[in-house]
Amino acid sequence: MGKRAGVVWDDTLLGYDMGADHPLNPVRLDLTMGLARALGVLEGVEPLRPAPATEQEVLRVHSPEYIAAVKAAPESPLEVGHGLGTPDNPVFAGMHEASSLVLGSSLTAAELLLAGETDRVVNIGGGLHHAMRDHAAGFCVYNDCVAAIDRLLDRGVERVAYIDTDVHHGDGVQVAFYDDPRVLTISLHQHPATLWPGTGYARELGTGDAYGTSVNVPLPPGTTDEHWLRAFHAVVPSLLRAFRPQVLVTQCGVDTHRDDPLAHLGLTVDGHRAIYMALRELSIEHGGRWLALGGGGYQLRRVVPRSWTHLLATALDRDIPVKTELPGDWGQRLGVPDMTDGGGTSFLPWSGGGGDPVDMAVLGTRRAVFPLHGLDPDDPRD
Ligand SMILES: [Zn+2]
């Protein structure tokens, strides 16, 4: 028997709130926890309350000047700099405290994993992958993904694989570990020529000893479940086998959905569920330890609650059949009747070559990075 997964959650995480008009509305987290409970996914699971990060812990990831600016911003919201006070990153009351709690929640998750009583931990309140050392970006103030990976490394983990399935490039995490060979970052995202933040090309490979440990798969707008999954399986499993990570950290943003208002990929909640199952499978192959974080996702009712309920269920080995009807009044609340969008998740494995735009992207990434890991980019068996 495996050890039951841990879940980090407390309603205080809803305090990371950039305002009613901002896309990152915490209602998506509240609805996810509510739906997961209503479906029985969390039965017998006592969520672990996150501890806010101390200033020392935030300093491990961010510059003192930036932290000072975040703290001071609510009092002097004009000309505060550091990416703050913009439409994407508005200043809000208690910003430092709320952001420290999010960062702390992923540290709590990392600690739970390190304690060894569980192999899997889910923190849907985390995943703020765009925050940089000295500035806010893309709705992200403090970077909890980087903090969690740093904590794992500080505690003796030698190799961490970070897999980012958000529709946006995982730039803040890539930058933080661009010269660190202990961390393999892999991001699959909408092509940077067509979406903010405009980075995440296959040629971004890392520097020095870490050359080859930054991996990017830029996907064309409109990419569907089948094609996304084909690209994932053509790139990720081989690289993990070569890298041999001891822990998987995944950013599980769901703004890849076809109905997401901020981006243009074509996935469904069925595709998201298939992604989580693939990540679980890979974590099992690599010793079992899996830290799953949230991320983007701006279709607040129809998409995020169902997709992340599938994430929680997958981590807990309580897989929800897609045809499951939503219980009680949840169908009315979310505007969908069941746990599926009817998406197709069976895919043809990549068979070499670059026939269509997604296969071209696969080939581009494989040719850039596979030789650096002793793999043959043109051989689909690698
Ligand atoms: Zn995103």
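Scope of this entry: the structure provided in the associated data block. In this text the structure is predicted, and so the values were computed from the model without any measurement. (Residues numbered from 1 in each chain as written. Predicted model: local features only at pLDDT ≥ 70, side-chain atom pairs only at ≥ 80, totals over all residues. Heavy atoms only, no water.)

The next subject is the pairing of strand 4 (residues 183–190). Most of strand 4 is tucked away, with eight of its eight residues classed as buried. Looking at chain direction, strand 3 (residues 160–164) and strand 4 are connected through five bridges and run parallel. Residue Ala161 lies in a different strand from strand 4, and its bridge partner there is Leu184. Between strand 3 and its parallel partner strand 4, the chain crosses via helix 6 (residues 171–176), and the hand of that crossover is right-handed. Strand direction decides the pairing type here: strand 4 and strand 5 (residues 214–219), joined by six bridges, are parallel. The partner of His189 across the bridge, within strand 5, is Pro218. (Buried < 20%, exposed > 50% of the residue type's maximum accessible area, 1.4 Å probe, protein only. Helix = DSSP H or I, 4+ residues; strand = E, 2+ residues; numbered from the N terminus. Pairing = 2+ DSSP bridges. Right-handed = clockwise from strand over helix to strand, strands pointing away.)

Across its 17 residues, helix 8 (residues 269–285) extends 24 Å between first and last C-alpha, which sits within 8% of the 24 Å expected from 1.5 Å per residue. With 13 of its 17 residues buried, helix 8 lies for the most part within the structure. Structurally, the start of helix 8 carries an N-cap: the backbone nitrogen of Asp270 is 3.2 Å from a side-chain oxygen of Thr268. (Expected span 1.5 Å × (residues − 1). Polar contact = N/O pair within 3.5 Å; in protein donor to acceptor, adjacent residues only side chain to side chain.)

As a further point, take the side chain of Ser214. Looking at where Ser214 falls in the secondary structure, it is placed in strand 5. A distance of 3.2 Å separates polar atoms of two side chains, one belonging to Ser214 and the other to Gln174. A polar atom in the side chain of Ser214 sits 3.1 Å from the backbone oxygen of Glu204. Ignoring any residue separated from it by four or fewer positions in sequence, one finds Ser214 in contact with Gln174, Tyr178, Thr185, Glu204, Leu205 and Gly206. (Contact = heavy atoms within 4.5 Å.)

A word on the coordination of the zinc ion. Six octahedrally arranged donors around a metal ideally form angles of 90 or 180 degrees; four tetrahedrally arranged donors ideally form angles of 109.5 degrees. For the zinc ion, the full set of protein donor atoms is Asp166 (OD), His168 (ND1) and Asp255 (OD), and the range of their distances to it is 2.0 to 2.1 Å. Expressed as a motif, the donor residue spacing for the zinc ion is D-x1-H-x86-D. With His168 in the loop between strand 3 and helix 6 and Asp255 in the loop between strand 6 (247–251) and helix 8, this pair connects stretches of sequence that are 87 residues apart. For the pair His168 and Asp255, a shared accessibility class is recorded, and that class is buried. (Donors = N, O, S within 2.8 Å, 3.2 Å for Na, K, Ca; no water.)

The next thing to look at is the packing of aromatic side chains. Under the definition given, this model contains four aromatic pairs. With a centroid separation of 5.8 Å and an interplanar angle of 85°, the aromatic rings of Tyr16 and Phe92 are classed as edge-to-face. One end of the pair, Tyr16, is in the loop between strand 1 (6–7) and helix 1 (27–38); the other, Phe92, is in the loop between helix 3 (64–72) and helix 4 (95–115), with 76 residues separating them in the sequence. Between the aromatic rings of Phe139 and Tyr298, the centroid separation amounts to 5.5 Å while the plane-to-plane angle is 85°, which identifies the pairing as edge-to-face. Of this pair, Phe139 sits in the loop between strand 2 (120–123) and helix 5 (144–154) while Tyr298 sits in the loop between strand 7 (290–293) and helix 9 (304–315), and the two are 159 residues apart along the sequence. (Phe/Tyr/Trp six-rings, centres within 6.5 Å; stacked < 30°, edge-to-face > 60°.)

This paragraph deals with the environment of Ala131. One can find Ala131 in the loop between strand 2 and helix 5. Considered as a pair, Ala131 and Leu248 are 117 residues apart in the sequence and their alpha carbons are 20 Å apart. Beyond its immediate sequence surroundings of up to four residues, Ala131 is in contact with His62, Ala137, Cys140, Val141, Tyr142, Asn143 and Gly172.

Since there are 3.6 residues in each turn of an α-helix, residues three or four apart along the chain are aligned in direction. Burial runs high along helix 5: 10 of the 11 residues are buried. Among all positions in helix 5, only Asp144, Cys145, Val146, Ala147, Ala148, Ile149, Asp150, Arg151, Leu152 and Leu153 are buried. Capping the start of helix 5, Asn143 holds a side-chain oxygen 3.1 Å from the backbone nitrogen of Cys145, two or three residues further along. Immediately beyond the C-terminal end of helix 5, within one or two residues, lies Gly156, with a positive phi of roughly 100°.

Let's shift gears to the pattern of salt bridges. All chains considered together, the criterion is met by 18 salt bridges. Among the salt bridges present, the one from Asp10 reaches Arg49, with a minimum N-O distance of 3.1 Å. Here Arg49 lies in the loop between helix 1 and helix 2 (55–59) and Asp10 lies in the loop between strand 1 and helix 1, a separation of 39 residues in the sequence. Given the relative accessible area of 15%, Asp10 is considered buried. Between Asp378 and Arg367 there is a salt bridge whose closest N-O contact spans 2.7 Å. Taken as a pair, Asp378 in the segment after helix 11 (357–369) and Arg367 in helix 11 lie far apart in primary sequence, 11 residues in all. Salt bridges sharing partners connect three or more residues here, namely Glu57, Glu111, Arg151 and Arg155. (Salt bridge = Lys/Arg side-chain N within 4 Å of Asp/Glu carboxyl O.)

Function-wise, these values are silent; they only describe arrangement.
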